[in-house]
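Structural overview
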Amino acid sequence: MDAILCQKLTKKFGDFTALDGLDLAVEKNRVFGFLGPNGAGKTTAVRMLTGLSQPTSGKAYVSGEEVTPRNLSLRSKIGFLPDVPAFYSWMTGREFMLFSGELHKLSPRENNLRADELLELVDLSEAGKRRVGGYSRGMKQRLGIAQALVNKPEVLFMDEPTSALDPMGRRDVLNLIERLSGDTTVFMSTHILSDVERVCDRVAIINEGKLITSASVEELKRKYSTSAFEIQFEEEPTPILTQLLKMPYIKTAEVRTEGEVRVLYVQASDLAKAKTEIPGVIAQSGLTLTHYELTTPSIEDVFIQLVGNGAKA
Ligand SMILES: Nc1ncnc2c1ncn2[C@@H]1O[C@H](COP(=O)(O)OP(=O)(O)OP(=O)(O)O)[C@@H](O)[C@H]1O
């Protein structure tokens, strides 16, 4: 059974379709990235999947439960970290955990154990004694994750879990998400491509409310992105362009200015041929080579190709 299943899930606001017939299946215990630029419909989808908003049409199932705002057994199976989690700043982190456990009707003994266990998991055991009002954004986000895990959810939804964090805060949250994978299904919406590359097994890309593709990160990279050569010379690289563009397997060759440096970017459809033949062309050109690198494709290449440069968040 899939952890999450969406069938033609649609949300309209008046005449505007924010999510348009989303079909999606998410396997159990994976970290699934829901990727799209600003306004793509990510929050709209997450709100419906967590029962916070009603679909205009279509259906969704999470852990086998049909998603409806009134389905209480759905509530017991999911955890949710909203994009801007709200806390009572006068409570200590531990008090906030206990309060969340009470809402889920944990017994006092169970609640205390769970609070300590989760505060340790998110590295807030010591800070848990202090008031949330004094926490950094990263600490609040980790507390938000601990809170979302209080009921041992089968599926944890996170809406943009790292977008407001500094690099250290992001690293800590991503490490935490990695630790959860295997035991919990994690569905995270994000527009940060490197986060997807770092922690997600599979990814769905949406744009303007429509699903563009859903596949494993590796599959997407294989299918949509090509490796590129980055080449630099002591001299102006333009003379070599014509030579390169004559080769049938060269897809693009262009010179970009990066600060003081002129870099030649070459994309090839036949990587093996390009690897053996480009060095020959360089040697014949008489230019002085200073840098030659084969860059590996990234999810960013895929995203830009599928969603377009303009939509890059
Ligand atoms: N309550 C609402 N009424 C009208 N339009 C809405 C409402 N909520 C969202 N929208 C619109 O639906 C579209 C999708 O919004 P949504 O918040 O789901 O995008 P998102 O992918 O989460 O973007 P972001 O990364 O900016 O949060 C946007 O154009 C937004 O303006």
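What comes next concerns the included structure. Note that the coordinates shown come from a computational prediction; the quantities given were computed from them, not determined experimentally.

Criteria and thresholds
- Residues numbered from 1 in each chain as written.
- Predicted model: local features only at pLDDT ≥ 70, side-chain atom pairs only at ≥ 80, totals over all residues.
- Heavy atoms only, no water.
- Near = heavy atom within 4 Å.
- Polar contact = N/O pair within 3.5 Å; in protein donor to acceptor, adjacent residues only side chain to side chain.
- Areas by Shrake-Rupley, 256 points an atom, 1.4 Å probe, with all protein chains shown as cover.
- Helix = DSSP H or I, 4+ residues; strand = E, 2+ residues; numbered from the N terminus.
- Contact = heavy atoms within 4.5 Å.
- Salt bridge = Lys/Arg side-chain N within 4 Å of Asp/Glu carboxyl O.
- Buried < 20%, exposed > 50% of the residue type's maximum accessible area, 1.4 Å probe, protein only.
- Phe/Tyr/Trp six-rings, centres within 6.5 Å; stacked < 30°, edge-to-face > 60°.
- Lys NZ or Arg CZ within 6 Å of the ring centre and 35° of its normal.

Turning to the site of the ligand, a few remarks are in order. In the vicinity of the ligand, the residues found are Phe 13, Phe 16, Ala 18, Pro 37, Asn 38, Gly 39, Ala 40, Gly 41, Lys 42, Thr 43, Thr 44 and Glu 160. One of the backbone N or O atoms of Gly 41 is found 2.9 Å from an oxygen atom in the ligand. Between the ligand and Lys 42, the relevant distance is 2.8 Å, taken from an oxygen atom to a main-chain nitrogen or oxygen of the residue. If the ligand stood free it would expose 640 Å²; the protein chains cover 58% of that surface.

Time to look at the side chain of Thr 50. If you trace the backbone, Thr 50 turns up in the loop between helix H1 (42-49) and strand E4 (57-62). A polar contact is formed between the side chain of Thr 50 and the backbone oxygen of Arg 47, at a distance of 3.2 Å. With residues near it in sequence (within four places) discarded, Thr 50 still touches Leu 74, Ile 78, Phe 80 and Phe 157.

One side chain can pair with another of opposite charge once the charged atoms of both are near each other. Tallying each qualifying case throughout the model produces 17 salt bridges. One salt bridge in this structure joins Arg 170 and Asp 195, with 2.5 Å as the shortest N-O distance. One end of the pair, Arg 170, is in helix H6 (residues 167-180); the other, Asp 195, is in helix H7 (residues 193-199), with 25 residues separating them in the sequence. Asp 195 sits in the buried class, given a relative accessible area of 0%. Glu 236 is paired through a salt bridge with Arg 262; the nearest N and O atoms lie 2.9 Å apart. In this pair, Glu 236 is assigned in the loop between strand E11 (228-233) and helix H9 (238-245) and Arg 262 in strand E13 (residues 261-268), connecting sequence segments 26 residues apart. Residue Glu 236 is classed as partly exposed on the basis of its relative accessible area, which comes to 37%. One salt-bridge network, in which partners are shared between bridges, spans Glu 197, Glu 218 and Lys 221.

Before going further, it helps to examine unusual backbone geometry. What is expected of a backbone is that most residues other than glycine have negative phi and most peptide bonds are trans. Its identity as a non-glycine residue notwithstanding, Asn 29 has a phi of 60°, on the positive side. With respect to the element layout, Asn 29 can be found in the loop between strand E2 (16-26) and strand E3 (31-35). If you check the backbone angles, Glu 208 has positive phi at about 50° while not being a glycine. Owing to a relative accessible area of 67%, Glu 208 belongs among the exposed residues under this scheme.

This part is about the packing of aromatic side chains. Inspection of the entire model under this criterion finds eight aromatic pairs. Consider the rings of Phe 32 and Phe 187, whose centres lie 5.6 Å apart with planes at 5°: the pair is stacked. Placement of the pair is Phe 32 in strand E3 and Phe 187 in strand E8 (residues 185-190), with a sequence separation of 155 residues. Under the relative-accessibility criterion, Phe 32 is labelled buried at 1%. Residue Phe 187 is classed as buried on the basis of its relative accessible area, which comes to 1%. In this structure an aromatic cluster arises from ring pairing among Phe 87, Tyr 88, Trp 90, Phe 96 and Phe 99. Geometry around Tyr 265 places Arg 256 over its ring, the cationic atom sitting 3.9 Å from the centre.

This part takes up the environment of Asp 166. One can find Asp 166 in the loop between strand E7 (155-159) and H6. Given a relative accessible area of 48%, Asp 166 falls into the partly exposed group. Linking Asp 166 and Met 48, residues 118 residues apart in sequence, is a C-alpha distance of 29 Å. Of note is the side chain of Asp 166, whose polar atom sits 2.7 Å from the backbone nitrogen of Gly 169.

Before going further, it helps to spend a moment on the environment of Phe 233. Tracing the backbone shows Phe 233 in strand E11. Setting aside its immediate chain neighbours within four residues, Phe 233 contacts Ile 240, Leu 264, Ile 282, Leu 287, Thr 288, Leu 289 and Thr 290.

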